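Structure at a glance
Spelled out, the chains give:
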Amino acid sequence: MAWVNAVIQGILTGGLYALFACGLSLMFGVMKVVNLAHGDLATVAGYVGVGVIAATHMPFLWSVPVVVLIMAALGYVLQRSMIQAAITRGELITLIVTFGLSIVIENGLLQFFTANTRGIGGGSSLISASFSIGSQIQIAWLDVVIFGLAVVVLLGLQVFLSSSKYGRLIRAVADDREAAQLSGADYRHVFGIAAAVAFATVGLAGISYGMTTVIDPTTGTDTILLFAFAAVVIGGLGSLWGTLIGGIVLGVAQQIGAQINISYELLAGYIVFLAVLVVRPQGLTVRRSES
Amino acid sequence: MSVLTDATARSGENLRVTRSRRNVAWTGIGAIIVIVVLAAFPYYIASGTLGIMVQGLIVLTLASMWNLLAGYAGLVSVGQQAFFGLGAYFVLIPAMHGLSPFLALPIAAIAAGVAAFPLWWLISRLRTGYFAIATWVMASAIALLIEQIQSIGGGTGMPLPGLTGWDPAVLTAYTYWAGLAVAVLAMAAMYFLLRSRVGLVLTAIRDDERAARSSGVKVGLARLLVFVVAAAGCGAAGGVLAIDLLQVVPTTSGGVFSVQWTAIMAFAAIIGGLGTIEGPIVGTAVYMVLQQTLQSHNAWYLIILGLVAIGVALFARRGLWGLLDEKFNIRLFPVGYYLWAPGETRRWRWIGSWRAGDRAEADTSS
């Protein structure tokens, strides 16, 4: 029964990991940018949530759309300025700039908010509510809600990319930037929109993580970036629904590892990640011919 | 290549190709003098200053190795702390069995280099950004594994045995010499590697990987070699840190597996100038000045260092040394070739140098 519990908890955690991963995947798919500051930006979103709630005393759930909008705006601005400047200077510079940003954000948070952990909505009955199946399996409503949120976000992204005006522009620019530009699309603006969408999901990821557990300045790299990346690789590079599969596989592996020995939780996830890298480098959901 | 053939066609056979415009022997003699002066420091300088210089030498070694990876082989690794940490542990483990930590330094370098082979096999199939994060995951996984082993300190780390009873001043001097030896050897290894055939291969890959591959250049092998050399260098530097601190701490607060080590080496290399051997020396100097001035302000030096690195990467991609080089055309360690056109004494051109690659890349990417 304990093992069934581990698998169920793992699947639910997978939803959170998919939230971590879809922004990373989207930015790579459209701009070919691997954003090494991805995790730290999610942590920033968490801190923005904490700050917004503390400043306005609004109910913590209301802070979610506020944070998402702030992050989307930040995404657009950051893309149009620093990231765009880096992209025009090549892949190496893009990596250096986003890595620099990651370290600056992490140490900035450490400097201004100390290493203390913070949570969002702590003590609220919405956060701690749960239900039981049988006597041994207890499921937190929050985990179910976040899993549902991840599915909704992925569905929303799919619909957005396939049928909205900006979605079509984004796909056009991702496919062939020059051709899209010749047809009158300003690729810089389209990149900005894509970054805004990606950062909105990053905002959701950060605030969800802050609700399920606590955040501190190192959460971004130690947890969010690496888990997001592992989920992307396991699921398959460039596949949106693959991030959900990858997240679930990673979550289940971690929970089973923790079931064996609590200190194996993270290690089990990385072992599965490395195994996928060796056996199926194209990921679980992508066929070889497509990769 | 076209530069050479055009020039040959125009001017017949009066072309001369040398490593440098100036005589390299002078730099060689200069380097030896600098090393001798540096080696004599413990006889003149206070122990405290020497301790700071040890940190500088560690950062210099790390920055040079990161420069070799990113500046010459285009491999952006943000997981070099894996090898740095392994180096520290491969000094600790022999020391626990009675070997002098100083004698364990070569073991640390070799062990870190050997560890690079299987890790390369795992991550080499990924490119650029994904390669970068994969190295990070690899470093995290190695740190987690090491933390599981209770006999070498588990998650808390342990003090380095074998050096108790040494006079602190003598110990600092020996640590300094070890750090100097590691830095000099790492830089010499890098210099001769880049002057060898591998250097040419790396230039070819950097200018056009596909063309290099189709001309039979063993792209993977050259990168593997660079990855292994960089791992060994970082490992030796980690060993020096273990001796310097007299303890090995895995991840908590500035531990050997902390990503801050990669941040420091990358920022120092970028600020000084990627793709030049001199760059990391300048970058290390900048790092040490910032770190010493701001050390009482906690994390501020890393924030400022990061911002400076971003600024340099965006607005002066060849770094501070690149700015100097553009103005005065100085190459202390020439690894490219210099083409003497007939009759030309002032106008000149680099071929097969990193500068040519930079230009080509900058032109096509915009």
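Residues numbered from 1 in each chain as written. Chains lettered and ligands numbered in written order. Predicted model: local features only at pLDDT ≥ 70, side-chain atom pairs only at ≥ 80, totals over all residues.

1. Structural notes on the overall build of chain B
For chain B, the helix and strand inventory stands at 15 helices and five strands. Taking all 366 residues of chain B together, the buried fraction comes to 47%. In chain B, 76% of the contacts between residues at least 6 apart in sequence involve partners at least 24 apart. (Helix = DSSP H or I, 4+ residues; strand = E, 2+ residues; numbered from the N terminus. Buried ≥ 20, exposed ≤ 12 C-beta atoms within 10 Å, placed from the backbone. Contact = placed C-beta atoms within 7 Å.)

2. Remarks on the pairing of strand 1 (residues 130-133) of chain A
Residue and element names in this part refer to chain A. Sheet analysis places strand 1 next to strand 2 (residues 137-140), joined by four bridges and oriented antiparallel. Bridged to serine 130 within strand 2 is alanine 140. Where strand 1 folds back onto strand 2 in an antiparallel hairpin, the turn is made up of three residues, including glycine 134, whose phi is positive at roughly 65°. (Pairing = 2+ DSSP bridges.)

3. Brief notes about the packing of helix 7 (residues 165-175) of chain A against helix 9 (residues 187-212) of chain A
Residues and elements named next belong to chain A. Contact pair helix 7 / helix 9: the axes reach a minimum separation of 10 Å and the direction vectors enclose 115°. For the element pair helix 7 / helix 9, the angle class is roughly perpendicular. Regarding helix 7 and helix 9, the two cross each other, and that crossing is left-handed. Counted together, Tyr166, Leu169, Ile170 and Val173 of helix 7 and Tyr187, Val190, Ile193 and Ala194 of helix 9 form the full contact between these two elements. Of the residues assigned to the contact of helix 7 with helix 9, the class counts are eight nonpolar, no polar and no charged. (Axes fitted to C-alpha atoms, helices over the stretch in contact; angles between N-to-C directions. Parallel < 35°, antiparallel > 145°, perpendicular 65-115°, else oblique. Left-handed = near helix turned anticlockwise from the far one by under 90°. Nonpolar A, V, L, I, M, F, W, Y, C, P; charged D, E, K, R; others polar.)

4. Quick word on the interface of chain A and chain B
You'll often see interface size given as the accessible area lost when the parts meet. Taken together, the contact between chain A and chain B spans 37 residues of the former and 37 residues of the latter. Elements supplying a minimum of two residues to the side of chain A that touches chain B: helix 3 (63-88), helix 4 (91-113), helix 10 (219-235) and helix 12 (265-279) of chain A. No other element matches helix 4 of chain A, which puts 15 residues into the side of chain A that touches chain B.

5. A few points about the confidence of the model for chain B
Residue and element names in this part refer to chain B. Per-residue pLDDT for chain B averages 83, and the proportion of residues at 70 or more is 84%. In the predicted structure, residues 346-366 sits below a pLDDT of 50 and forms 32 contacts with residues beyond four places in sequence or in another chain. Across the interface, the model reports ipTM at 0.88; the global pTM reads 0.87. (pLDDT = per-residue confidence, 0-100.)

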